[in-house]
Amino acid sequence: MQVPFLDLPAQFNSIRDEVTLEIMGVLEKSNFILGEPVAKFEKAFAAYSECSHGVGVASGLEAIKLILRGLEIGPGDEVITAANTFIATTLAISAVGATPVLVDCDPVTYNIAVNQLEAAITPRTRAIMPVHLYGQPADMDPLLDVARRHHLHIVEDASQAHGAKYRGRRVGSFGIASAFSLYPGKNLGAYGDAGVIATNDAALAETIAVLRNYGSRVKYYHSMLGENSRLDTIHAAVLNVKLRHLDGWNAARRRAAALYTKLLSPVPQVATPATPDFAEPVYHLYVVRVPQREKLMEHLRARGIGTIIHYPVPLHLQEAYAGAGWKRGDFPISERYADEILSLPMFPEIKEEQIQWVVGSIREFFA
Ligand SMILES: *Cc1c(COP(=O)(O)O)cnc(C)c1O
């Protein structure tokens, strides 16, 4: 049996007719830049995320950058985030000229360790950027409390958590603004690079919409030093179709995760994800921790099973940040987990037999 890590063709096959029709509609109108499907998606995605405004942009990285630019965060400012996120989170901070300040992850939730936040705050801190990693909501109440007491913005990196809920409310609706990647492999993914910002701040949404389009409100009149960072119409057309399926797909991911957790519970070597009672996760990834990880990966590969490590090197040890002054030992949980974590195959269309094959193969390895 083959169990790919991710099966995007299976998803395409399930929406082939709907999505082809929408793409053809764009081709026929040839309204490729900021066509009507873009505004339609922005509105629908904002409503889905329990926000009043959405702005479509070129990628998740661009979404974070444009939020920071919109908040006028730049050189001399610091933004706090987690050491174990994908590098786009900190690259966006670095790209606007601000300084990323890292905090270790919580050993149970893998999200930013809220109890270590205050020690990272300095007079230069402007924002805290929680990442709802793997589709697990960060613990927002204590985060909001720290932010309020220190007059800091919260910018959510919700790139792995479209539709996840924290205490019954969608992630992405808690901070001043939130960034969502719409990279093809994300829970909601375009057919190329794309991203979207959700916010309840009308003025910020307007600023970002202008910044993403050459700093222009009226064509060829430029009020800001903007960028070309628009969501393509063709992607928006695809996303309008996919958004209708997102809740169903997320529910399928939760069912798959529940089955993995149940079948893996008798295997003492495997640490499965915890679900705090505040969380309704969406399992962008199903991440376990195991001993002898590299050997297990090899064993699974030989049985047709795809696995990936998210992520093998914490940010403070990445070569790109060699000059930033961090060293091994700074964030011990992130470092230890980077050597133990393994993402098992997870996608809405995964079959029960495929999950059984994965778990059976893991049990065989540890037997
Ligand atoms: C995917 C991702 C991004 C970046 O998104 P792109 O669309 O690839 O630019 C940012 N943050 C996190 C946590 C991500 O997983």
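The rules we used
- Residues numbered from 1 in each chain as written.
- Predicted model: local features only at pLDDT ≥ 70, side-chain atom pairs only at ≥ 80, totals over all residues.
- Heavy atoms only, no water.
- Phe/Tyr/Trp six-rings, centres within 6.5 Å; stacked < 30°, edge-to-face > 60°.
- Helix = DSSP H or I, 4+ residues; strand = E, 2+ residues; numbered from the N terminus.
- Lys NZ or Arg CZ within 6 Å of the ring centre and 35° of its normal.
- Axes fitted to C-alpha atoms, helices over the stretch in contact; angles between N-to-C directions.
- Parallel < 35°, antiparallel > 145°, perpendicular 65-115°, else oblique.
- Left-handed = near helix turned anticlockwise from the far one by under 90°.
- Contact = heavy atoms within 4.5 Å.
- Nonpolar A, V, L, I, M, F, W, Y, C, P; charged D, E, K, R; others polar.
- Buried < 20%, exposed > 50% of the residue type's maximum accessible area, 1.4 Å probe, protein only.
- Pairing = 2+ DSSP bridges.
- Right-handed = clockwise from strand over helix to strand, strands pointing away.
- Near = heavy atom within 4 Å.
- Polar contact = N/O pair within 3.5 Å; in protein donor to acceptor, adjacent residues only side chain to side chain.
- Areas by Shrake-Rupley, 256 points an atom, 1.4 Å probe, with all protein chains shown as cover.
- 1 Å grid on protein atoms, 1.4 Å probe; cavity = no way out; pocket = protein on both sides within 12 Å on 5 of 7 lines; lining within 4 Å.
- Sits in = over half its atoms within 2 Å of the grid points.
- Salt bridge = Lys/Arg side-chain N within 4 Å of Asp/Glu carboxyl O.
- Points joined across faces, edges and corners; volume = space filled by probe spheres on them.

1. Some details on the packing of aromatic side chains
Note on aromatic pairs: each is described by the distance of the centres and the angle between the planes. Going through the model one piece at a time under the given rule, you end up with 13 aromatic pairs. On the numbers, 4.9 Å between centres and 50° between planes, the contact of Y166 with F278 is tilted. Remark: F278 occurs in the loop between α8 (233-264) and β12 (279-280) and Y166 occurs in strand β6 (residues 165-166); sequence separation between them is 112 residues. Feature note: the residues F41, F45, Y48 and F180 constitute an aromatic cluster, connected by ring pairs. For the cation-ring pair, R170 lies above Y48, with the distance from its terminal atom to the ring centre recorded as 4.0 Å.

2. A few points about the packing of helix α3 (residues 60-70) against helix α4 (residues 88-95)
Taken N-terminus to C-terminus, the directions of α3 and α4 make an angle of 40°; their axes are 9 Å apart at the nearest point. For the element pair α3 / α4, the angle class is oblique. α4 is crossed by α3, and the crossing has right-handed handedness. Across the interface between the two elements, L61, I64, K65 and L68 from α3 touch A88, T89, L91, A92, I93 and A95 from α4.

3. Some details on the packing of α8 against helix α11 (residues 352-366)
Direction vectors running N to C along α8 and α11 enclose 30°, while the axes themselves pass 10 Å from each other. When the interaxial angle is binned, α8 and α11 end up roughly parallel. In this structure, the crossing between α8 and α11 has a hand that is right-handed. Here A256, L259, Y260, L263 and L264 of α8 lie close against α11, whose contacting residues are E352, I355, Q356, V358, V359, I362 and R363. Its residues placed into classes, the contact of α8 with α11 shows nine nonpolar, one polar and two charged.

4. A few points about unusual backbone geometry
In this chain, H310 is followed by Y311 through a cis amide linkage whose omega measures 10°. In this structure, Y311 sits in the loop between α9 (293-302) and α10 (332-338). The phi angle at Y134 is positive, at roughly 65°, despite the residue not being glycine. Within the chain, Q292 stands out as a residue other than glycine whose phi angle is a positive 50°. Tracing the sequence through the fold places Q292 in the loop between β13 (286-289) and α9.

5. Some remarks on the pairing of strand β4 (residues 125-129)
Most of β4 sits inside the fold, with four of its five residues counted as buried. Examined bridge by bridge, strand β2 (residues 78-82) and β4 share four bridges and lie parallel to one another. From the neighbouring strand, I80 faces β4, where its bridge partner is I128. Pairing geometry for β4 and strand β5 (residues 153-157), over two bridges, is parallel. Among the inter-strand pairings, A127 is bridged to a residue of β5, identified as H153. Each parallel crossover has a hand, and the one from β4 via helix α6 (residues 140-149) to β5 is right-handed.

6. Remarks on the site of the ligand
Neighbouring residues of the ligand: 15 residues in total, closest G60, D157, Q160, S181 and K186. Taking L61, its main chain carries an N or O atom lying 2.9 Å from an oxygen atom of the ligand. Within the side chain of D157, one N or O atom sits 2.7 Å away from a nitrogen atom of the ligand. When the free accessible area of the ligand is taken as 380 Å², the share hidden by the protein chains comes to 92%. Its atoms largely coinciding with the cavity grid, the ligand occupies the largest pocket. Sorting the residues of the shell around the ligand by element identifies α3 and α4 as the ones contributing at least two each. Split by residue class, the shell around the ligand holds six nonpolar, seven polar and two charged.

7. Here we look at the pattern of salt bridges
Tallied over the full model, the rule gives 18 salt bridges. Linking R217 and E206 is a salt bridge whose minimum nitrogen-to-oxygen distance equals 2.9 Å. Here E206 lies in helix α7 (residues 202-211) and R217 lies in strand β10 (residues 216-218), a separation of eleven residues in the sequence. When its relative accessible area of 37% is taken as the criterion, E206 is described as partly exposed.

8. With respect to the pairing of strand β1 (residues 53-57)
Taking burial as the measure, the five residues of β1 include four buried ones, the bulk of the element. As defined by bridge partners, β1 adjoins strand β9 (residues 195-199) across five bridges and the pair is classed as antiparallel. Along β9, the bridge assignment pairs G54 with A198.

9. Observations regarding the layout of surface pockets
Each pocket or cavity is described by its volume, and for the largest pocket that value is around 520 Å³. Lining the largest pocket are 30 residues, with F86, S181, Y183, K186 and Y311 sitting closest to its centre. When contributions to the lining of the largest pocket are tallied by element, the ones reaching two or more residues are α3 and α4. When grouped by side-chain class, the residues that make up the lining of the largest pocket number 16 nonpolar, ten polar and four charged. Its boundaries defined by the atoms lining it, the second largest pocket holds a volume of some 180 Å³. Together, I33, L34, N213, Y214, S216, K219, Y220, H222 and R230 line the second largest pocket. Residue classes in the lining of the second largest pocket are distributed as four nonpolar, three polar and two charged.

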